Amino acid sequence: MKITDLKVWVTKPEANGRSFVFLRIDTDEGISGIGEATSSGGGGSIVVGNMARFLRDSTVTTDFRTSLIGQDPENIDRIWHELYRRFTGGGGSGGFVTTLLSGIDIALWDIKGKVMGRPIYELFAGPIWDNIPLYTHVAPGDPDKAAAQARSLAAEGYTALKTDPFSPEMGKHHRRYMRGAISAAGAALGIDTIAAMREAVGPDVEILIDAHGNFNVPTAINLAHRLEPYDIGWFEEPVQPNSNEALRHVKESVNVPICVGERLYHRWDFVPILKDRLAEYLMPDILWCGGISEMRKIANLAESFYIPVSPHDASGPINILAGAHTMMAVPNFYMVEFNHAALNLHDAFISPKLDIRNGVLHLPETPGIGTELNVDYIEAHLDPDWE
Ligand SMILES: [Mg+2]
């Protein structure tokens, strides 16, 4: 079997929303695989979309320009390594490159599943689990509203809820990290929000805090101490990802579990986190870390350290499905992230839709990833910066 084409779409259904990158790999045997390579904001999805287009269209074969077209799609690891080395030789080792690779890798696993006639999760000597528990998001800003929403989501069956209670100030005024401090009022609003949520849901529902890397070290330590009485499940990205020394300083100074990983891009980024015991939970993003193949390697590495893995999901439906298929065969799997408020958007992109009941995702038993892209919908909502 040979790869004959790589199709890519950058779509933006909501004017003020984000852009999603979907792709499809076609073969000479009529089997196609789908993937997602959505980047984070700031136009990253356009960059990744153009990288995919360049990869498809580049015809020069000298100068280490290993191609995708013409390769056997079942040689997933070989393609991964050749493309990874092709695009990182000039510097950098993650980010846009691993995002592009993620989309390609997922599509190749979809093809392999279709060839074998089995869902992806059955290709790894699994499954270990019957289904995939999800956690979802509570909107911050008003402690009473957050408490009411937390109560209602817990009643729906969610056993863990995440929020960034400091984002009303930090998201607006300090996004992209400059000073890393928060005002007394902003901190108090955040702590009050978590206190109200804990009161509303009782002791049995996990409350997870995402700090989005917004804080400097003293602020992160101060807030972690003030969150302690509310028995939080984890304090995510207390500081920006670039300094493991800053993370170590926070880690050694607080008594709440730490979670990092959405901005770590491959197995090598996770080695110091595990070796130096800088986090209790890892949350690689399957669209940013290099796809199903790389997520499995990171999860296996974490298993050696008895560290649970909980995939980060802030993109589209293939993000969730690919992470879920992978986690079905990962013994140290914890939960998959999900935002119930984005469910209609996710479902517009695919058929069949996500099967979520009582806070749990049930995977399709059909071959491959178990869904197909709604290309008509995607093409009707292309990002204006793309076409
Ligand atoms: Mg996060």
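Here the structure is a predicted model, which means the values were calculated and not measured.

Asks: Give a detailed account of the coordination of the magnesium ion, specifying residues and quantitative values.
Replies: Binding of the magnesium ion to the protein goes through Asp210 (OD), Glu236 (OE) and Glu262 (OE), at separations of 2.0 to 2.2 Å. Look at where the donors of the magnesium ion fall in the sequence and you get D-x25-E-x25-E. One end of the pair, Asp210, is in strand E6 (residues 206-210); the other, Glu262, is in the loop between strand E8 (258-260) and helix H9 (267-275), and 52 residues separate them in sequence. Of the two residues, Asp210 and Glu262, neither departs from the other in class, the shared state being buried.

Asks: Quick rundown of unusual backbone geometry? Include the residues and the values.
Replies: Peptide bonds are trans in most cases, and residues, glycine excluded, mostly fall at negative phi. For the bond running from Gly126 to Pro127, omega is 0°, close enough to zero to count as cis. Looking at the secondary structure, you find Pro127 in the loop between helix H3 (96-116) and strand E4 (132-137). Cis geometry marks the peptide bond from Ser351 to Pro352; its omega dihedral reads -5°. As for its position among the elements, Pro352 is in the loop between strand E11 (350-351) and strand E12 (355-357).

Asks: Before we move on, could you go through the side chain of Thr98 and cite the residues and values that matter?
Replies: Position of Thr98 relative to the elements: it lies in helix H3. Looking at Thr98, the relative accessible area reads 0%, which means it is buried. At a separation of 3.1 Å, a polar atom in the side chain of Thr98 contacts the main-chain amide nitrogen of Gly95. When residues no more than four places from it in sequence are discounted, the contact partners of Thr98 are Tyr84, Ser93, Tyr265, His266, Leu287, Trp288, Cys289 and Gly290.

Asks: I'd like a description of the domain arrangement of the chain, backed by residues and values.
Replies: Many authors give the size of an interface as the accessible area that is lost as the parts come together. Examined at the domain level, the chain breaks down into domain 1 (3-118 + 374-380) and domain 2 (124-363). A C-alpha centroid distance of 26 Å is found between domain 1 and domain 2. Residue-level contacts link 31 residues of domain 1 with 28 residues of domain 2. As a salt-bridge pair, Lys297 and Asp77 come within 3.3 Å of each other at their nearest N and O atoms. Applying the counting rule to domain 1 against domain 2 returns 20 residue pairs in polar contact (both at pLDDT 80 or more). Contributions of two or more residues to the side of domain 1 that touches domain 2 are made by strand E2 (20-27), strand E3 (32-36), helix H2 (76-88), H3 and helix H13 (375-380). Top contributing element to the side of domain 1 that touches domain 2 by residue count: H3, with 7 residues. Of the residues contributing to the side of domain 1 that touches domain 2, the split by class is 12 nonpolar, 13 polar and 6 charged.

Asks: Let's hear about the packing of helix H6 (residues 184-201) against helix H7 (residues 217-227): which residues, and what values?
Replies: Running from N to C, H6 and H7 cross one another at 30°; their axes reach a closest spacing of 10 Å. Taken together, the axes of H6 and H7 lie roughly parallel to each other. Here H6 runs over H7; the crossing is right-handed. Together, Ala187, Ala188, Ile191 and Ile194 of H6 and Leu223, Arg226 and Leu227 of H7 make up the contact between the two elements. For the contact of H6 with H7, a count of residues per class yields 6 nonpolar, no polar and 1 charged.

Reading the values: rules and limits
- Residues numbered from 1 in each chain as written.
- Predicted model: local features only at pLDDT ≥ 70, side-chain atom pairs only at ≥ 80, totals over all residues.
- Heavy atoms only, no water.
- Donors = N, O, S within 2.8 Å, 3.2 Å for Na, K, Ca; no water.
- Helix = DSSP H or I, 4+ residues; strand = E, 2+ residues; numbered from the N terminus.
- Buried < 20%, exposed > 50% of the residue type's maximum accessible area, 1.4 Å probe, protein only.
- Polar contact = N/O pair within 3.5 Å; in protein donor to acceptor, adjacent residues only side chain to side chain.
- Contact = heavy atoms within 4.5 Å.
- Domains from an automatic or database assignment.
- Salt bridge = Lys/Arg side-chain N within 4 Å of Asp/Glu carboxyl O.
- Nonpolar A, V, L, I, M, F, W, Y, C, P; charged D, E, K, R; others polar.
- Axes fitted to C-alpha atoms, helices over the stretch in contact; angles between N-to-C directions.
- Parallel < 35°, antiparallel > 145°, perpendicular 65-115°, else oblique.
- Left-handed = near helix turned anticlockwise from the far one by under 90°.

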